[in-house]
Number of protein chains: 2
Amino acid sequence: MKKINVGINGYGTIGKRVADLVSYQDDMNLVGVSKINPNLESNIAIKRGYNIYTDNKYKNKFKLYDIDIHGDIEDLISNSDIIVDCTPKNIGKEYKNIYEKYDVKVIWQGGENPNIASKSFNSISNYEELYGEQYARVVSCNTTGICRILYPISLKFNIKKVFVSIIRRGTDPRDIKSGPLNSIVLDPVSIPSHHALDVQKIIPNINIVTASLKVPTTLMHMHIFNIDIDENINIDDIISLLSKQPRINLIKNCTSTSELIEYSRDLLLPRNDIWENNIFLDSITITDKNIYLYQSIHQESIVIPENIDCIRSMMKLEKNKYDSINKTDNSICNRKI
Amino acid sequence: MKKINVGINGYGTIGKRVADLVSYQDDMNLVGVSKINPNLESNIAIKRGYNIYTDNKYKNKFKLYDIDIHGDIEDLISNSDIIVDCTPKNIGKEYKNIYEKYDVKVIWQGGENPNIASKSFNSISNYEELYGEQYARVVSCNTTGICRILYPISLKFNIKKVFVSIIRRGTDPRDIKSGPLNSIVLDPVSIPSHHALDVQKIIPNINIVTASLKVPTTLMHMHIFNIDIDENINIDDIISLLSKQPRINLIKNCTSTSELIEYSRDLLLPRNDIWENNIFLDSITITDKNIYLYQSIHQESIVIPENIDCIRSMMKLEKNKYDSINKTDNSICNRKI
């Protein structure tokens, strides 16, 4: 089988995970990863045998740490069929001209402005729409988590209105600069947050309002859903529907994000990542045609398999979304937790 | 003016604040406070000149620290016209027999089972209902904060449904035992939380669902409101209505609980307490006949003025709720922040 060549521009929280997952796919070849600053993550790239590319002007920084540089970032781009841009928020757009110069396909992440690509992506909701496209943007962790629930429900029921409260982790575990340390921060103070607009990029015409705040924890986000359905519904039908979806865990005997992460550690999942939505089964409630539920979202990993599926769609490697989703999910280990 | 005698059973987070506020009222006399364990708070009671009562069996513990004990807790009860029970959650019910023995009026706090008194209390919502009553329960901080918003809105508009997400502080600032430290804890995992039922004790027939979780912060709670109103509404009417209510601050230029507490510290408010609801003005949004807003609630102090008003209602000191509310609010300093 001919493998398509994938380059990863940016080797941080998202990039290092996408690189690993690309390396596990039998239809993809990892050309290499780019890095601007040498740090412990560079050691990981070396241990995994990934070629490291950097901007030529930063080469000397890596020499100081005896880290071999394979080439300039433009070499990485020119040798790739598709680039997954995992540079920090708002940096991805600065590479757009270079990507165009080499006529490479590109996937940006959710931190970029939605207009950077004409289409945004979520595996279960619109895999087919990105088929053969040149540019895409994989929506961010919270939007991904919301779409995975709303899309299947919207296929089966008439959704009147959705309100999601998003309680976000303050920062990622590796971050030593950000907070908050003892505060609840409205981010933004205005309602709706951008997530509602982003969901509508994936599921058009859905009536959704989101409110988003940050709290002092690093592990996972939490969502509180209120889905107003315009008909009488049965809780068993909802549970049955959700349980059949890929990348959705229905969790019992658990009431917190820390217990979930401990469970992932005990399962020896790589980096204790949980890339599925985690719906707390005991929270699913139906009253007056409204569905209520809690779910938690692992911000570092939820979009990783979506990037792999997005590559398959754009490179026309699989026509059917479920074929790609299953291939991705089975590439490391049995993900069902 | 004859003053009524008020005893405070329990001198912790709530009790010490109620004691201070009772001592500032010109129609009340503080008989004293009860305490089971000598700690730094006992020093505060002594510095303020409050008589300390304890269970006779604990007297020796206080002797070790040279703390004078004025008498047994039963002496405190028998010398009072009304007791404000500020003992820890679920302890208040153990005193009920002793209170009955001395035929004293009693106010319990929201941590007790709602059935401990036939009526629950919130100043603005049902002051008149407690007039002359023997027993009352002042609802907890979150329920108080919710009632203060919903009651005035329910008088003016037809509320179809309310959904409040409650993001609770993990514990109080002085606590050295509790968490969570790095987790989001669903408390409870089931929906609705007890707050919805408690609000209905105060505002009957209101259609409300609440969801409650705890996060690693000590400063304040945060509420996310979605109030579904069955008519077209104007944002200016809502802001105007809320701005006229007592104990509601409309806050601008602020996006977090920590900035609010810093503001209270800069204002030199006692203990940096903020007993008003703090509605973030920039969050008030109206779409499709739904009101959305954030408010933060200072868990240590919000119910303190409600206890004072409850005393006035039960002791028939003021007939009109606004007379009591204004008297309480003006007794320390101008509270409008």
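Residues numbered from 1 in each chain as written. Chains lettered and ligands numbered in written order. Predicted model: local features only at pLDDT ≥ 70, side-chain atom pairs only at ≥ 80, totals over all residues. Heavy atoms only, no water.

Asks: Describe the side chain of A:Asn226, and please don't skip the residues or the numbers.
Replies: By secondary structure assignment, the location of A:Asn226 is in strand E12 (residues 221-229). On the accessibility criterion, A:Asn226 (2% relative accessible area) is buried. Setting aside residues no more than four positions away along its own chain, A:Asn226 makes contact with A:Lys161, A:Val162, A:Phe163, A:Asn290, A:Ile291, A:Tyr292, B:Lys161 and B:Phe163. (Helix = DSSP H or I, 4+ residues; strand = E, 2+ residues; numbered from the N terminus. Buried < 20%, exposed > 50% of the residue type's maximum accessible area, 1.4 Å probe, protein only. Contact = heavy atoms within 4.5 Å.)

Asks: Before we move on, could you go through the sheet that holds strand E2 (residues 28-34) of chain A and cite the residues and values that matter?
Replies: Read across the sheet, eight strands follow the order E4-E3-E2-E1-E5-E6-E8-E7 (chain A) without closing on themselves; strand pairing throughout is parallel. Taken across any chain shown, the strands that pair with only one partner, and hence form the sheet edges, are strand E4 (71-72) and strand E7 (120-121) of chain A. (Pairing = 2+ DSSP bridges.)

Asks: Tell me about the relation of the copies chain B and chain A, and please be specific about residues and values.
Replies: Structural alignment of chain B on chain A gives an RMSD of 0.0 Å, achieved by rotating through 180° and translating 0.0 Å along the axis. Considering both components of the superposition, the chain copies are consistent with a two-fold axis. Scanning chain B for the C-alpha nearest the rotation axis identifies B:Pro216, at a separation of 2.8 Å. Most of the interface of chain B is mirrored in chain A, where 100% of its interface residues again form contacts. (Least-squares fit on C-alpha atoms with pLDDT ≥ 70 in both.)

Asks: Quick rundown of the interface of chain B and chain A? Include the residues and the values.
Replies: The interface of chain B with chain A comprises 45 residues on the first partner and 45 residues on the second. Summed over both sides, the interface between chain B and chain A buries roughly 3500 Å², with carbon and sulfur atoms accounting for 61% of that surface. The largest share of the area that chain B buries against chain A comes from B:Ile184, B:Ile191 and B:Tyr294, three residues that together contribute 19% of it. Where chain B meets chain A, there are zero salt bridges. Our count for the chain B to chain A interface comes out at 21 residue pairs in polar contact (both at pLDDT 80 or more). Looking at the side of chain B that touches chain A, the elements with two or more residues in it are strand E9 (159-169), strand E10 (185-186), strand E11 (208-215), strand E12 (221-229), helix H10 (257-266), strand E15 (285-287) and strand E16 (290-297) of chain B. Split by residue class, the side of chain B that touches chain A holds 23 nonpolar, 18 polar and four charged. (Buried area = accessible area lost by both parts, 1.4 Å probe. Salt bridge = Lys/Arg side-chain N within 4 Å of Asp/Glu carboxyl O. Polar contact = N/O pair within 3.5 Å; in protein donor to acceptor, adjacent residues only side chain to side chain. Nonpolar A, V, L, I, M, F, W, Y, C, P; charged D, E, K, R; others polar.)

Asks: Describe in detail the pattern of salt bridges, supporting the description with residues and values.
Replies: Residue and element names in this part refer to chain B. The full count for this structure, using the stated rule, is 42 salt bridges over all chains. In this structure, Asp187 and Arg168 form a salt bridge, with 3.2 Å as the shortest nitrogen-oxygen distance. Highlighted residues: Asp187 in the loop between E10 and helix H8 (194-202) and Arg168 in strand E9, separated in sequence by 19 residues. A salt bridge links Arg247 to Asp309, with the shortest nitrogen-to-oxygen separation between them at 2.8 Å.

Asks: Go over helix H2 (residues 40-47) of chain A, please, and point to the residues and values.
Replies: Residues and elements named next belong to chain A. Among the residues making up H2, those that are buried are Glu41, Ser42 and Ala45. Each buried residue of H2 lies within a common arc of 105° when the element is viewed along its axis, so the set occupies one face. Away from its buried face, by an angle of more than 90 degrees, H2 presents the exposed residues Leu40 and Lys47. Looking at the buried residues of H2, the elements they touch are helix H1 (13-23), E2, strand E3 (52-54) and helix H3 (59-63). For H2, the side-chain oxygen to backbone nitrogen distance between the N-cap and Glu41 is 3.0 Å, and the N-cap itself is Asn39. (Arc of directions from axis to C-beta.)

Asks: Residue-level account of H8(B), with values.
Replies: Residue and element names in this part refer to chain B. Buried residues of H8: His195, Ala196, Asp198, Val199 and Ile202, and no others. Burial along H8 is one-sided: seen end-on, the buried residues are contained in an arc of 165°. On the buried face of H8, the contacting elements are strand E7 (120-121), helix H6 (123-126), strand E8 (135-138), helix H7 (141-156), E9 and E11.

Asks: Account for the environment of B:Leu155, with residues named and values stated.
Replies: Relative to the helices and strands, B:Leu155 resides in helix H7. Sequence spacing of B:Leu155 and B:Thr171 is 16 residues, and the spatial spacing of their C-alpha atoms is 34 Å.

Asks: Please give an account of the nonpolar core that cites residues and values.
Replies: Generally speaking, a soluble globular protein has its nonpolar side chains buried in company with each other. Of all hydrophobic cores here, the largest spans 44 residues; its most connected members are A:Ile167, A:Leu213, A:Tyr294, B:Ile167, B:Leu213 and B:Tyr294. Setting aside residues no more than four positions away along its own chain, A:Ile167 makes contact with A:Leu213, A:Val215, A:His221, A:Met222, A:Ile224, B:Ile167, B:Ile184, B:Leu213 and B:Val215. (Core = buried A, V, L, I, M, F, W, Y, C linked by side-chain atoms within 4.5 Å.)

Asks: Tell me about the pairing of E9(B), and name the residues and values.
Replies: All names here are of chain B. Burial analysis of E9 places 10 of its 11 residues in the buried class, the great majority of the element. Of the pairings in the sheet, the one linking E9 to E12 comprises eight bridges and is antiparallel in character. For Val164, the partnering residue across the bridge sits in E12 and is Phe225. Across eight bridges, E9 lies against E11 in parallel orientation. When the bridges of E11 are listed, Arg168 appears paired with Lys214.

Asks: Before we move on, can you summarise the confidence of the model for chain A with the specific residues and values?
Replies: Of the residues in chain A, 99% have a pLDDT of 70 or more, and the chain-wide mean is 96. The ipTM, which scores confidence in the relative placement of chains, is 0.91 for this predicted complex, and the corresponding pTM is 0.93. (pLDDT = per-residue confidence, 0-100.)

Asks: Provide a residue-level description of the packing of aromatic side chains, including the pertinent values.
Replies: Counting across every chain of the model gives 12 aromatic pairs over all chains. Where B:Tyr11 meets B:Tyr50, the ring centres are 6.4 Å apart and the plane angle is 85°; that geometry is what we call edge-to-face. Here B:Tyr50 lies in the loop between helix H2 (40-47) and strand E3 (52-54) and B:Tyr11 lies in the loop between strand E1 (4-9) and helix H1 (13-23), a separation of 39 residues in the sequence. Summarising the burial analysis for this pair, B:Tyr11 and B:Tyr50 share the class buried. Every member of this aromatic cluster is reached through a ring pair, and the members are A:Tyr95, A:Tyr99, A:Trp108 and A:Tyr135. (Phe/Tyr/Trp six-rings, centres within 6.5 Å; stacked < 30°, edge-to-face > 60°.)

Asks: I'd love a proper account of the sheet that holds E3(B), names of residues and values included.
Replies: Residues and elements named next belong to chain B. Overall, parallel pairing links the eight strands, which are arranged E4-E3-E2-E1-E5-E6-E8-E7 in an open sheet. Each edge of the sheet is formed by a strand with only one pairing partner; in this case those strands are strand E4 (71-72) and E7. Sheet strands in contact with helix H11 (residues 304-314) are E1, strand E2 (28-34), strand E5 (82-85), strand E6 (105-109), E7 and E8, and its direction is about 155° off that of E6. (Axes fitted to C-alpha atoms, helices over the stretch in contact; angles between N-to-C directions.)

Asks: Kindly report on a positive patch on the surface, identifying the contributing residues and their values.
Replies: Positive charge collects at one region of the surface, where A:Lys160, A:Lys289, B:Lys160 and B:Lys289 lie side by side. As for its position among the elements, B:Lys160 is in strand E9. (Patch = residues over 30% accessible without salt bridge, like charges linked within 9 Å, V, L, I, M, F, W, Y side chains within 5 Å. Areas by Shrake-Rupley, 256 points an atom, 1.4 Å probe, with all protein chains shown as cover. Lys, Arg positive; Asp, Glu negative; His and termini not counted. Charge placed at Lys NZ, Arg CZ, Asp CG, Glu CD.)

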